[in-house]
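Observations on chain architecture
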Amino acid sequence: MVARQTSDESPNTMRPIPFDNSYQTLADSLFHRQQAEPVSAPQALLINTGLAEALNIDSKWLASPAGIGVLSGNGLAAGSQPIACVYAGHQFGNYNPQLGDGRALLLGEVIDRQGQRKDIQLKGSGRTPYSRGGDGRSPLGPVIREYLLSEAMHRLGVPSTRALAALATGDPVFREHGPLPGGILCRVASSHLRVGTVQFVAAQQDPELLQQLMDYVIDRHYPVCKQSESPYEALFNAILNAQATLISRWQALGFIHGVMNTDNMLLCAETIDYGPCAFMEAYHPGTVFSSIDQQGRSAYGNQPAIAQWNLVQLAQAMLTLMQRPGEPDLKPAVQRAQDTLNTFPDTFLQAYRQRMAEKLGFSHINDDDEALYHDFLALLEEHDCDFTLSFRSLNDRAAVLANCERGGDSIAGLFQLPNAFAPWLERWQQRFNADATPAEQRYLTMQKANPVFIPRNHLVENAIEKAYEGDMSVFFALQTRLQAPFEYQCDAAEFAAPATDGNRVTATFCGT
Ligand code: AMP
Ligand code: MG
């Protein structure tokens, strides 16, 4: 294995990470100070140079021995005060009063080039008080998986945690089937504040701390709420809206999270926890991949409902803050929270219709169009059509209708909609041509809404399998491809094609 980033400058001329630690100023009860457990032979497999620079981190320093020391937990950057954060959460509907970073450490925060505060976290860095029976480590497979998936989501336009680096530790970790090479992922998030964090604090029965936490959330993520007469109601509403938009983006791409627990839902509404997630291939709303999801709770078609269920838990945890002066009890606050929660289905639907408009090449979805996309989805289901390529094939048709140069090659050689789609395509074409917004503009929007490359399960699994054999080239090649998900070239067909009966992956595992 070879580190992809090498430094030709002496570490003395380089800037280490300028860490800050604002979360620790809240309360000692929210975290445990913890050093990472050292590893034997850390090696950077992939460093996200572009992200490092966006974070104001010197990518040359990051790839230097000092940087790799910090990324592996063997070294400590000046200013970094690592902590394991505590939180609670509903896991598959059951409340767990104490979860926490069992295999992760928050190294600190940085201010990025846009002035935004970002968390830098290690995942797989060793045991913490929240590890319970676990070893605090991660095999290399889940590290590669999260790197590929989270970066792909970012490129697909979905708010997501990011991957700053993937490392091999040089130490084995022991799982069901024996030893596996260990890995560490350095993850970046707008914050790691979860619905479960609020649940944990609410359970402490410390109103002051709850208010302090929510003020921190407002300051960090939703500062506009400060101007509201009822800032915490405004905050809840803002989080609900952000989550509705996030889930609409998942649905528009066929992304199935697989473990939508309240501890895996971030208040900043970035996608987090790329454990058993997967992209749907053939369109079926009941699709479930996660091996731990026995009841199909996180099936593709259930995701909006689960998000709303999680938001009910958030409302409950925040409720005391929603009581207005002069109100004798919590009843009016409950009513207002309920009213806000009741807006979720419609807020989601508006966002989803917007996504569908983008995917179909319409300026907007009017009430008549709803039948059009429902009929398309029904046809996809009936004919077992690949969700991603079916929508993408509309782009090729739109390019002709709009008289546009196609952005890259046509996928016609890779995928064709079955003949049974002809009447539907006729309807779609009429609607496309009737739209008042210039066709060229709509085609360009479609090109950013209908990817050709998604991290298909069999590709990800293959990259992991090869990495375990010591060959990182498949991981690198897939990662490169996923960085430009909307630009197709015929010679990359293997990265765009759906799984075959021989390589289909039907179940995914947390693997940690
Ligand atoms: P997840 O929802 O997959 O992030 O995991 C739920 C909880 O299990 C979190 O509190 C994790 O920190 C913990 N956990 C998962 N894997 C390990 C591990 N290998 N060692 C310690 N804790 C773990
Ligand atoms: Mg988690």
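Preceding this paragraph is the structure being described.
Conventions we followed
Residues numbered from 1 in each chain as written. Chains lettered and ligands numbered in written order. Predicted model: local features only at pLDDT ≥ 70, side-chain atom pairs only at ≥ 80, totals over all residues. Heavy atoms only, no water. Helix = DSSP H or I, 4+ residues; strand = E, 2+ residues; numbered from the N terminus. Rg over C-alpha atoms; globule rule 2.2 N^0.38 Å. Buried < 20%, exposed > 50% of the residue type's maximum accessible area, 1.4 Å probe, protein only. Contact = heavy atoms within 4.5 Å. Areas by Shrake-Rupley, 256 points an atom, 1.4 Å probe, with all protein chains shown as cover. Donors = N, O, S within 2.8 Å, 3.2 Å for Na, K, Ca; no water. Salt bridge = Lys/Arg side-chain N within 4 Å of Asp/Glu carboxyl O. Core = buried A, V, L, I, M, F, W, Y, C linked by side-chain atoms within 4.5 Å.

A look at the overall build of the chain
- In terms of helices and strands, the chain carries 17 helices and 11 strands.
- For 512 residues, the compact-globule estimate of 2.2 N^0.38 gives 24 Å, and the C-alpha radius of gyration of the chain, at 23 Å, lies within 12% of that figure.
- By principal-axis analysis of the C-alpha atoms, the chain measures approximately 65 × 65 × 45 Å.
- Counting every position in the chain, which comprises 512 residues, the buried fraction comes to 57%.
- Within the chain, contacts between residues at least 6 apart in sequence are counted, and of these 73% link residues at least 24 apart.
- Working note: accessible area of the chain is about 20,600 Å², and carbon and sulfur atoms make up 49% of it.

Describing the coordination of the magnesium ion (ligand 2)
- Taken together, the protein ligands of the magnesium ion (ligand 2) are Asn264 (OD1) and Asp273 (OD), with distances of 2.2 to 2.3 Å.
- Residue Asp273 is classed as buried on the basis of its relative accessible area of 14%.

What to know about the pattern of salt bridges
- If you walk through the whole model with that rule in mind, you get 25 salt bridges.
- In this structure, Arg137 engages Glu37 in a salt bridge whose closest nitrogen and oxygen atoms are separated by 3.9 Å. With a gap of 100 residues between them, Arg137 in the loop between strand S6 (117–123) and strand S7 (138–139) and Glu37 in the loop between strand S1 (31–33) and strand S2 (43–47) connect regions that are remote in the sequence.
- Linking Glu109 and Arg117 is a salt bridge whose minimum nitrogen-to-oxygen distance equals 2.5 Å.
- With relative accessibility at 23%, the residue Arg117 sits in the partly exposed group.
- Put simply, Glu233, Arg324, Glu327 and Arg336 are held in one network by salt bridges that share partners.

Considering the nonpolar core
- Of all hydrophobic cores here, the largest spans 133 residues; its most connected members are Met214, Leu394 and Trp428.
- With near-sequence residues (within four places) excluded, Leu394 lies in contact with Lys359, Leu360, Phe376, Leu417, Trp424, Leu425, Trp428 and Met446.
- Judged by nonpolar contacts, the second largest core, of 27 residues, contains Met14, Ile17, Ala44 and Cys186.

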